Amino acid sequence: MARATTSFTCNACGAVHTKWSGQCDACGAWNSIVEEAPLSAASGKTSLGTARGRAIDLTDLSTREAPLPRTASGMGELDRVLGGGLVPASAILVGGDPGIGKSTLLLQAAARFAGTGLKVVYISGEEAAGQIRMRAERLGLTDAPVQLAAETVLRDILTTLDQLRPDLVVVDSIQTMWSDSVDSAPGSVSQVRAAAHELTAFAKRRGSAVILVGHVTKEGQIAGPRVVEHMVDTVLYFEGERGHQFRILRAVKNRFGPADEIGVFEMTGGGLSEVTNPSALFLSERGQPAPGSAVFAGIEGTRPVLVEFQALVAPTPHSQPRRSVVGWDGGRLAMILAVLEARCGIPFAGLDVYLNVAGGMKIGEPAADLAVAAALLSAREDTALPADCVVFGEISLSGALRPVSQTENRLKEAAKLGFSSAIAPAGGKPGGESGMTVTRMSDLTAFVGEIFGAG
Ligand code: TYD
Ligand code: MG
């Protein structure tokens, strides 16, 4: 029989190595490999070994399942991200930077769910019960029937939960939980994994919904291996920029609803309040049309959202020009700069390029390509785009504009916010009755010629 040996796991990608090294071969991350305690002897036996398993029950695909009994909290922005409400026997991971407002959000959510008649338990490993009560007072939630505990010993927590059988358990945070089945410190990879496993198993066994809070590392990943993300049903990230009041709750994985759905909140003195019209909020800081600004009509999950891209292009004093991006993908920016140079003959060599999404929003849609190109060109030519115009479309390496999904929803949202014209790729579905003047173009050169009279 193989000897139980210590293994080494990469915190960033979850790859397992036989010995420690400074860099992970699998993902290239530095200083991410940590030691893990060996599995106990019993679990080391193979399935073909001495211990015989029990036969499992199999069913066929035609088995009728009732629709998921969801409970809505009444906070529309949260319910949408959850896919319509909380599903029993599900495990949800909420990740985010320290101080972004995870505990505030979950205390408010716990109170709302308790208000709908669910039995709710809130367990904090980070704050004393007194501190949580103080926060509840600030949020005006002191009367909510939420059961509170400050505890980190997982065995005690699970024993209590098994007796109480709550409908919803919030565990804040998974990094503070300590399982005595694993011989390492709280917050280590094996502890986080064991705690997540035991709490997820509890959710499935008892039919409770379990919400785990996870801190995010500097690299933007939930601390501990990626395996935690694979264990749970739903992964939500709570994002926001420091200095901005907006907070965005984003579903990156959801077994019970659409991924990529977002909920928008505003942090106020009295906790998080819902933002039902995010486009208006993201465009609220927009003044007179300035060079370098382009409004993108985007789709986040199932909802259209308008955001402003801002670009600055300036001669560089350095041999290597800077490319700085906030809220968008740096690789995608490099691609668009290359397409502008190669297909339209507009060079950016010797120029520093800065690109921002206003309001601290992160955009991942390729449909934003054309808005980025418009912002870059407008900054470079020092010419403002028409104030009433929105832009969307994907750019291919050949410089062709590709149609994007949900054209009609994008146009409707733009019309609702007072825009009257749009630049969109040729082809795709017609705009419908949005009332917008839509200029359709098939390639980037035509776009450059139309807007800037060059090309
Ligand atoms: P918190 O929920 O403790 O963050 P996390 O759990 O993600 O670490 O939120 C902390 C911040 O939120 C803190 O800087 C204060 C701010 N805050 C408000 O602005 N208003 C409020 O009503 C509350 C409760 C917190
Ligand atoms: Mg907290």
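The structure presented is a predicted model; accordingly, all values stated were derived computationally and were not measured.

A word on the packing of aromatic side chains
(1) Moving on: The full count for this structure, using the stated rule, is four aromatic pairs.
(2) Moving on: Centre to centre, the rings of Phe246 and Phe282 are 5.7 Å apart; their planes meet at 85°, and the pair counts as edge-to-face. Of the two residues, Phe246 sits in strand β10 (residues 246-254) while Phe282 sits in helix α8 (residues 278-282), which places them 36 residues apart along the sequence.
(3) Moving on: Judged by its relative accessible area of 2%, Phe282 falls in the buried class.
(4) Moving on: Feature note: the residues Phe296, Phe309 and Trp328 constitute an aromatic cluster, connected by ring pairs.
(5) Moving on: Note that Arg380 overlies the ring of Phe348, its terminal NZ or CZ placed 5.5 Å from the centroid.
(6) Moving on: Across from the ring centre of Phe392, 5.5 Å away, lies the NZ or CZ of Arg410, which sits over that ring.

So, the domain arrangement of the protein chain
(1) Moving on: Partitioning the protein chain into domains gives domain 1 (1-37), domain 2 (76-276) and domain 3 (281-452).
(2) Moving on: A separation of 36 Å is found between the C-alpha centroids of domain 2 and domain 3.
(3) Moving on: Listed as interface residues are 17 residues of domain 2 and, on the opposing side, 13 residues of domain 3.
(4) Moving on: Looking at the side of domain 2 facing domain 3, the largest losses of area belong to Glu241, Phe246 and Ile262, adding up to 36% of the total buried there.
(5) Moving on: Seen at the junction of domain 2 and domain 3, the total is two salt bridges.
(6) Moving on: Elements with a minimum of two residues in the side of domain 2 that touches domain 3: α2 (76-81), β10 and β11 (262-268).
(7) Moving on: In terms of residue class, the side of domain 2 that touches domain 3 is built from seven nonpolar, three polar and seven charged.

Definitions and limits used
Residues numbered from 1 in each chain as written. Chains lettered and ligands numbered in written order. Predicted model: local features only at pLDDT ≥ 70, side-chain atom pairs only at ≥ 80, totals over all residues. Heavy atoms only, no water. Phe/Tyr/Trp six-rings, centres within 6.5 Å; stacked < 30°, edge-to-face > 60°. Helix = DSSP H or I, 4+ residues; strand = E, 2+ residues; numbered from the N terminus. Buried < 20%, exposed > 50% of the residue type's maximum accessible area, 1.4 Å probe, protein only. Lys NZ or Arg CZ within 6 Å of the ring centre and 35° of its normal. Domains from an automatic or database assignment. Contact = heavy atoms within 4.5 Å. Buried area = accessible area lost by both parts, 1.4 Å probe. Salt bridge = Lys/Arg side-chain N within 4 Å of Asp/Glu carboxyl O. Nonpolar A, V, L, I, M, F, W, Y, C, P; charged D, E, K, R; others polar.

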